[in-house]
Amino acid sequence: MAFGRLERTRAPQPMSDINMTPLIDVMLVLLVIFILTAPLMSSSLRLDLPRAGGTPATESPAVLAVAVDAQGQLYLGDQPVAAESLREQAARAAERQPATEVQLRADAGVPYGRVAELIGWLQEAGLSRIGFITASAPAASAAR
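Anyway, here's the lowdown on the structure attached to this text. (Residues numbered from 1 in each chain as written. Predicted model: local features only at pLDDT ≥ 70, side-chain atom pairs only at ≥ 80, totals over all residues. Heavy atoms only, no water.)

### Observations concerning the sheet that holds strand β6 (residues 129-132)
No. 1: Spatially, β4-β3-β2-β5-β6 is the arrangement adopted by the 5 strands of the open sheet, whose pairing is mixed. Single-partner strands in this sheet number two, and they are β4 (79-80) and β6.
No. 2: Relative to β4, strand β3 (residues 74-76) is paired through 2 bridges, and the arrangement is antiparallel. Bridging from a neighbouring strand, Leu76 pairs with Gln79 of β4.
No. 3: Packed onto the sheet, helix α2 (residues 83-96) meets β2 (63-68) and β3 and runs at close to 35° relative to β3. (Pairing = 2+ DSSP bridges. Helix = DSSP H or I, 4+ residues; strand = E, 2+ residues; numbered from the N terminus. Contact = heavy atoms within 4.5 Å. Axes fitted to C-alpha atoms, helices over the stretch in contact; angles between N-to-C directions.)

### Observations regarding helix α3 (residues 112-124)
No. 1: For α3, built from 13 residues, the straight-helix expectation of 18 Å at 1.5 Å per residue is met to within 8% by its first-to-last C-alpha distance of 18 Å.
No. 2: Residues of α3 that are buried include every one of Val115, Leu118, Ile119, Trp121 and Leu122, and no others. Down the axis of α3, the smallest arc covering the buried residues is 160°, so these residues share one side. Those residues of α3 that are exposed and aimed more than 90 degrees away from the buried face are Tyr112 and Glu124.
No. 3: For α3, the secondary structure elements touched by its buried residues are β2, β3, α2, β5 (101-106) and β6.
No. 4: Phi turns positive one or two residues past the end of α3, at Gly126, with a value near 105°. (Expected span 1.5 Å × (residues − 1). Buried < 20%, exposed > 50% of the residue type's maximum accessible area, 1.4 Å probe, protein only. Arc of directions from axis to C-beta.)

### Considering the pairing of β5
No. 1: Counting buried positions along β5 yields 6 of 6 residues, so the element is predominantly enclosed.
No. 2: Every second residue of β5 is oriented toward a common face, with Glu101, Gln103 and Arg105 on one face and Val102, Leu104 and Ala106 on the other, all of them buried.
No. 3: Of the pairings in the sheet, the one linking β2 to β5 comprises 6 bridges and is parallel in character. Paired with Val66 across the two strands is Leu104, which belongs to β5.

Interpretation note: all reported values are geometric properties and have no functional meaning in isolation.
Below, the structure written as structure tokens:
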């Protein structure tokens, strides 16, 4: 009665190579995500910000980004907005979250009076945490 062969065949050897296909797929997906999101992370509003040294801006949970360009046009985020609309939206933001931080970016060519007027509107709306966003000081002047 023979149930099988008596000679043994060798089992196949385990594969010792790393399968690179899943790693390349993940890398390409990440590359596409970074290519798509990189333009969204920078502001499309171009301002000539004053240069100043100091600590970098901290992230606050509730932020209202306000900007004034060289012609005096107001922006909420990157969208142009009328003065009255900005005041209303600032008042709504203050009602929702009284600790909302205003990040104010003003072009270097904007008259001080226009910036002071804008700060007054924000304070009337109930927002008292106002931070000025500036460009980093050049390394040569920071070393002095």
